Amino acid sequence: MSKHQFQTEVNQLLHLIVHSLYTHRDIFLRELISNASDALDKLKYLTITDDAFKDFAFEPRIDIYFDEKDAGTITVSDSGIGMNEQELVENLGTIARSGTRNFLAQLSGDSRKDSSLIGQFGVGFYSSFMVADKVEVISRKAGEEQAWKWTSDGKGEFEIEQSSRDTNGTTVTLQLADEGKEFATRWRIDEIVKKYSDHIAFPIYLHYTRTEYDDKGGEKGKEAKVEQVNSASALWKRPKSDLSEEDYKEFYKTIAHEDEDPLLYTHTQAEGTLEYTTLFYVPRHAPFDMYNVDYRPGVKLYIKRVFITDDQKDLMPAYLRFVRGIIDSEDLPLNVSRETLQHNRVLANIRQAGVKKLLGEFQRLATEDPERYTQFIEQYNRPLKEGLYSDFGNREALLELVRFKSSNVEGYTSLAEYKQRMLPDQKSIYYTSGDNENALRNSPLLEAYRKKNIEVLIMDDDIDEIVVPSIGSYKDTELKAINRSDAGEDIAGENDKAKTDDARPIAEKIKQALGDRVKDVKVSVRLSDSPSCIVVDENDPTIKMQQLLKSLGQGEVPEVKPILEINPDHRIVTALADISDQAMIDDVSFLLLEQALLVENVPITDPAAFVKRLNRVLEKAV
């Protein structure tokens, strides 16, 4: 016998789970049955594709036993692929996924929210400890003779020792705690299986003892009974007309290890050149690992109802990685290698059709249920924007789906809605981008646009800086960033041009003072209340883009100098015309630049020098 410590993260999860973070404790049985089904799926695949297993005696089944007399145990046994000693340690003692700490950091202490997160993380086996004081797992891997027993009370460590099992597979026995004993009855188990696991494609047998009575109600004998308690048919292959909304929701909770209903689902059964079935779900909340490089794919591939893989990222484009569900093809060969799947034309066509179906469902939701679509956008707007950059073939559809914040309306708006609100003589769709919504909304760059009632889109997703310039235009209308030097020309009037000519000498004086700290100093037509702002040349990357490239490891990114724009009507600027003290001109010029940088959330290079300049100017002002 050997003792092992649980991974630290597992200990933390067990503590949370034992303290009833799951809303419905009965899902422990759903999770154990789901694990058993996965083990059967994996062995079924090997018996079809691996020569070493083709003569293997495979009789897929899941058996459930319980101790009715003392209500002491519930046992779930399968004839699946099984585990050896090393796999028991890896699968039941650790969570071998990066992002675990990030997941734990998201836990809020709110039981409903946290139960959903735990489900997203996929730690279903550990839900056993909600109802059990002790869990025992005996497993024998297919093709091996030795069985192993894993035992734990969920309090920090587990033990593994050699054991025996007549056949391959896994048996999980729960020593029920007092609060778990309610589940050890025939009717309760039957109810849970039909609620959560009726769709499992392998037969689930419930073992129980039936008592027989005579005419007077006296007990005359007991009989051991075994009864199949599920329909054992793949839900996604059943006609849609036979399925209720509740059927779809419960199936989702099983495959996604979720405790809440999906936001939406779509079921397609295609016949013709290609014959396949897809059943896709969108979770109500984004998966916790959605932004991890090693995110867990959410779509399983079946061929003729035979499970093939659940870790193939190419089944969905990366920007739809939040989608959960099933692809089942009748045309792919069962022995297709997982390595060649990404290059398979049949699968590529199914994927393409699936993506179009999903995008169509998103558009339908946006049209028919705007409130629910807002919930969708709050979770998945950023991944959809990734699609604008990576999926050119569906860009037009995605442009209708993405949403942005706005200077003129509350909440989110679409490009189509923006275009409908454009002023009659407006030339472009204007936007400003950065990483802080509040800073963007209060930027001096917006002053003239507000004054002229021109709407500006507020883009505060980090990806906007990369994606939006690649779009170029929407329905023949150019998207133009207002933090670029050429954007001001669109809103300049005759009066602005006259002011520009008058203020050029002041701009030249400031430019001489700043030297190589700026690319240029120009007279602004977009400032109303502020004395200055910074923009970049139309061909230069924005300051935010420079920061983004550096954060991605592009250390050789050349520093692009900003253009300083000054407000010709502001008293600070006009006062410079009559100042001959060069030291004062230098101080005011640098302060105009540095305050413009600070407003745009750009750090100044020498804070100490900034403070000294500010103090010198204040001394002369008081």
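Below is a short write-up of the structure.

So, how was this worked out
- Residues numbered from 1 in each chain as written.
- Predicted model: local features only at pLDDT ≥ 70, side-chain atom pairs only at ≥ 80, totals over all residues.
- Heavy atoms only, no water.
- Helix = DSSP H or I, 4+ residues; strand = E, 2+ residues; numbered from the N terminus.
- Buried < 20%, exposed > 50% of the residue type's maximum accessible area, 1.4 Å probe, protein only.
- Areas by Shrake-Rupley, 256 points an atom, 1.4 Å probe, with all protein chains shown as cover.
- Axes fitted to C-alpha atoms, helices over the stretch in contact; angles between N-to-C directions.
- Left-handed = near helix turned anticlockwise from the far one by under 90°.
- Contact = heavy atoms within 4.5 Å.
- Nonpolar A, V, L, I, M, F, W, Y, C, P; charged D, E, K, R; others polar.
- 1 Å grid on protein atoms, 1.4 Å probe; cavity = no way out; pocket = protein on both sides within 12 Å on 5 of 7 lines; lining within 4 Å.
- Points joined across faces, edges and corners; volume = space filled by probe spheres on them.
- Pairing = 2+ DSSP bridges.
- Salt bridge = Lys/Arg side-chain N within 4 Å of Asp/Glu carboxyl O.
- Parallel < 35°, antiparallel > 145°, perpendicular 65-115°, else oblique.
- Phe/Tyr/Trp six-rings, centres within 6.5 Å; stacked < 30°, edge-to-face > 60°.
- Lys NZ or Arg CZ within 6 Å of the ring centre and 35° of its normal.
- Polar contact = N/O pair within 3.5 Å; in protein donor to acceptor, adjacent residues only side chain to side chain.
- Expected span 1.5 Å × (residues − 1).

## Considerations on the overall build of the chain
Right, on to step 1. Within the chain, the regular secondary structure consists of 19 helices and 23 strands.
Right, on to step 2. Counting the 622 residues in the chain, one finds 53% classified as buried.
Right, on to step 3. Put simply, the chain shows about 29,100 Å² of open surface, and 46% of that area lies on carbon and sulfur atoms.

## A few points about the packing of helix H2 (residues 27-49) against helix H6 (residues 186-196)
Right, on to step 1. Interaxial distance between H2 and H6 falls to 9 Å at its minimum, and their mutual angle equals 65°. Read as a crossing pair, H2 and H6 show a hand that is right-handed. Of the residues in H6, those touching H2 at Ile27, Leu29, Arg30 and Ile33 are Ile189, Ile192, Val193 and Tyr196.
Right, on to step 2. Looking at the contact of H2 with H6 residue by residue, the classes come out as seven nonpolar, no polar and one charged.

## Quick notes on empty space enclosed by the protein
Over the atoms, a rolled probe matching the size of one water molecule traces out where space is still vacant.
Right, on to step 1. One pass over the structure, following the stated rule, counts two cavities of 30 Å³ or more.
Right, on to step 2. Size it by volume and the largest cavity reaches roughly 70 Å³.
Right, on to step 3. Within the lining of the largest cavity, the residues separate by chemical class into seven nonpolar, two polar and two charged.

## Here's the deal with the sheet that holds strand E16 (residues 412-413)
Right, on to step 1. Pairing in this open sheet of six strands is mixed, and the strands run E16-E15-E18-E17-E20-E19 from one edge to the other. Of all the strands in the sheet, the pair left with one neighbour each is E16 and strand E19 (473-474).
Right, on to step 2. Relative to strand E20 (residues 477-481), strand E17 (residues 429-433) runs parallel, the two being bridged by three bridges. Within E20, the residue paired with tyrosine 430 across the bridge is lysine 480.
Right, on to step 3. Contacts between helix H14 (residues 464-471) and the sheet are confined to strand E15 (404-406), E17, strand E18 (456-459), E19 and E20, with E17 contributing the most and set at about 160° to the helix.

## Overview of the sheet that holds strand E22 (residues 532-535)
Right, on to step 1. Read across the sheet, three strands follow the order E21-E23-E22 without closing on themselves; strand pairing throughout is mixed. Only two strands of the sheet have a single neighbouring strand rather than two, namely strand E21 (520-523) and E22. Adjacent strand axes in the sheet meet at a mean angle of 30°, parallel and antiparallel pairs treated alike.
Right, on to step 2. Of the pairings in the sheet, the one linking E22 to strand E23 (residues 563-566) comprises four bridges and is antiparallel in character. The partner of isoleucine 534 across the bridge, within E23, is leucine 564.
Right, on to step 3. Here helix H18 (residues 582-599) sits on the sheet in contact with E22 and E23, set at roughly 65° to E22.

## Quick word on the pattern of salt bridges
Right, on to step 1. Across all of its chains, the model carries 43 salt bridges by this definition.
Right, on to step 2. Note that lysine 141 and glutamate 87 form a salt bridge whose closest N and O atoms lie 2.8 Å from each other. One end of the pair, lysine 141, is in the loop between strand E4 (132-140) and strand E5 (147-152); the other, glutamate 87, is in helix H3 (residues 85-93), and 54 residues separate them in sequence.
Right, on to step 3. By relative accessible area, which is 21% here, glutamate 87 ends up partly exposed.
Right, on to step 4. The network of salt bridges with shared partners includes Glu245, Lys249, Glu250, Lys253 and Asp261.

## Here we look at unusual backbone geometry
Right, on to step 1. Within the chain, histidine 257 stands out as a residue other than glycine whose phi angle is a positive 55°.
Right, on to step 2. For histidine 257, a relative accessible area of 15% translates into the label buried.
Right, on to step 3. Its identity as a non-glycine residue notwithstanding, asparagine 601 has a phi of 65°, on the positive side.
Right, on to step 4. Topologically, asparagine 601 is positioned in the loop between H18 and helix H19 (607-621).
Right, on to step 5. Residue classification places asparagine 601 among the partly exposed residues on the basis of a relative accessible area of 41%.

## Quick notes on the packing of helix H8 (residues 345-368) against helix H9 (residues 370-390)
Right, on to step 1. Taken N-terminus to C-terminus, the directions of H8 and H9 make an angle of 140°; their axes are 8 Å apart at the nearest point. With respect to H9, the axis of H8 lies oblique. As for how H8 packs across H9, the hand of that crossing is left-handed. Across the interface between the two elements, Phe362, Leu365, Ala366, Thr367 and Glu368 of H8 pack against Pro370, Arg372, Tyr373, Phe376 and Leu384 of H9.

## Examining the packing of aromatic side chains
Right, on to step 1. Under the counting rule described, the total for this entry stands at 19 aromatic pairs.
Right, on to step 2. Pairwise contacts between aromatic rings join Trp236, Tyr248, Phe251, Tyr252, Tyr265, Tyr281, Tyr302 and Phe307 into one cluster.
Right, on to step 3. Across from the ring centre of tyrosine 295, 4.3 Å away, lies the NZ or CZ of lysine 313, which sits over that ring.
Right, on to step 4. Just above the ring of tyrosine 295 sits the side chain of arginine 321; from NZ or CZ to the centre is 5.8 Å.

## Quick look at the side chain of aspartate 289
Right, on to step 1. Considering the arrangement of structural elements, one finds aspartate 289 in the loop between strand E11 (276-282) and strand E12 (299-303).
Right, on to step 2. Given a relative accessible area of 5%, aspartate 289 falls into the buried group.
Right, on to step 3. A polar contact is formed between the side chain of aspartate 289 and the backbone nitrogen of arginine 296, at a distance of 2.9 Å.

## A closer look at the side chain of threonine 309
Right, on to step 1. Looking at the element boundaries, threonine 309 is found in strand E13 (residues 306-309).
Right, on to step 2. At 2.5 Å, the side chain of threonine 309 and the side chain of aspartate 311 are in polar contact.

## Here's the deal with H2
Right, on to step 1. Relative to the 33 Å expected for 23 residues at 1.5 Å per residue, H2 spans 33 Å between its end C-alpha atoms, a close match to the ideal helical length.
Right, on to step 2. Counting buried positions along H2 yields 17 of 23 residues, so the element is predominantly enclosed.

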